[in-house]
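# Observations on chain architecture
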Amino acid sequence: NGDSIPTNLSNSTWQNTTSGAYAIYNNTASNDSIYGKLYNWYAVADSRGLCPTGWHVPGDADVLTLENFLGGSSVAGGKMKAVSSLWTAPNTGATNSSGFTGLPGGNRDGNGTFFFIGFFGYWWSSTQASSPDAWYRVLSYVNANSYRDLITKTYGFSVRCVRD
């Protein structure tokens with residue numbers, strides 16, 4: 001909605017916050033322009049809305065629908081990954097035939113440490129799995145899968161907004 005979202009949190013503040021926040025991978029400005037921001041799940045769930053008006057962060061069921069439309073989770077990842085040298089070789093199965101253009105932006109873990117840029121792209125869903133956890137998807141450089149899992153809401157992942 002235009003409200004500012006806290007950023008540049010120290011590792012200890014990142015791991016202890018229960019409100020919305022974002023980070024830029026390794027706090028390097030050029031990573032923002034290439035990969036975008038890494039949000040904790042509290043930013044996704046904020047009632048003020050992370051996405052612009054008329055858009056929303058897809059729920060777990062929405063992403064499952066997309067995966068099924070693309071032929072199932074064993075091939076959907078390849079259809080969602082950008083054909084790009086930003087992915088570590090071999091970037092197996094990447095065609096971007098869906099137009100998703102997924103990039104390997106890595107993550108910020110629950111302790112505040114940055115990991116896996118170039119190797120994996122992670123995206124939050126808006127669906128809570130349990131009190132401490134929420135559902136997400138990950139795309140990998142080594143296969144064409146789209147993996148679904150749950151993880152602590154303090155992790156920093158990319159977000160993709162979809163039109164209402």
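Just above, that's the structure.
This text gives an overview of the structure that appears in the document. Note that the structure is predicted; figures quoted are calculated from it, not measured. (Residues numbered from 1 in each chain as written. Predicted model: local features only at pLDDT ≥ 70, side-chain atom pairs only at ≥ 80, totals over all residues. Heavy atoms only, no water.)

## Points about the state of the cysteines
- Within the structure shown, the criterion is met by 1 disulfide.
- Across the disulfide from C51 sits C161; the S-S distance is 2.1 Å. Residues C51 and C161 are joined through a disulfide that is left-handed, its torsion about the S-S bond being -85 degrees. Pair noted here: C51 is in the loop between α3 (41–45) and β3 (55–56) and C161 is in the loop between β8 (146–152) and β9 (162–163), with a separation of 110 residues, a long-range link.
- Given a relative accessible area of 9%, C51 falls into the buried group.
- In this structure C161 comes out as partly exposed when scored by relative accessible area, which is 25%. (Disulfide = S-S within 2.5 Å. Helix = DSSP H or I, 4+ residues; strand = E, 2+ residues; numbered from the N terminus. Buried < 20%, exposed > 50% of the residue type's maximum accessible area, 1.4 Å probe, protein only.)

## Description of the sheet that holds β8
- The antiparallel open sheet is built from 3 strands, whose spatial order is β6-β7-β8. Strands with a single pairing partner mark the edges of an open sheet, and in this sheet they are β6 (120–128) and β8. This sheet shows a mean twist of 30 degrees between the axes of neighbouring strands, independent of strand direction.
- Sheet topology places β6 next to strand β7 (residues 133–140); 6 bridges connect them, and they run antiparallel. (Pairing = 2+ DSSP bridges. Axes fitted to C-alpha atoms, helices over the stretch in contact; angles between N-to-C directions.)

## Observations concerning unusual backbone geometry
- Residue P90 is bonded to the preceding A89 through a cis peptide linkage, with omega at 20 degrees.
- With respect to the element layout, P90 can be found in the loop between α5 (73–80) and β4 (107–108).
- One non-glycine residue, N8, lies in positive phi territory at about 60 degrees.
- Relative to the assigned elements, N8 resides in the segment before α1 (11–16).
- The exposure class assigned to N8 is exposed, which follows from its relative accessible area of 62%.
- A positive phi angle, close to 55 degrees, is found at N27, a residue other than glycine.
- Turning to its location among the elements, N27 is positioned in the loop between β1 (22–23) and α2 (29–35).

## Some words on the side chain of N91
- With respect to the helices and strands, the residue N91 is situated in the loop between α5 and β4.
- Note on N91: relative accessible area 10%, which makes it buried.
- Once you skip the residues sitting within four places of it in the chain, N91 turns out to touch K81, A82, V83, S84 and Y141. (Contact = heavy atoms within 4.5 Å.)

## Some details on the nonpolar core
- Counting residues in hydrophobic clusters, the biggest one holds 17 residues, and the most contacted among them are V44, L50, W124, Y136 and V159.
- Elements supplying a minimum of two residues to this core: α3, β6 and β7.
- In this structure, A82, F100, W123 and Y141 belong to the second largest nonpolar core, which totals 9 residues. (Core = buried A, V, L, I, M, F, W, Y, C linked by side-chain atoms within 4.5 Å.)

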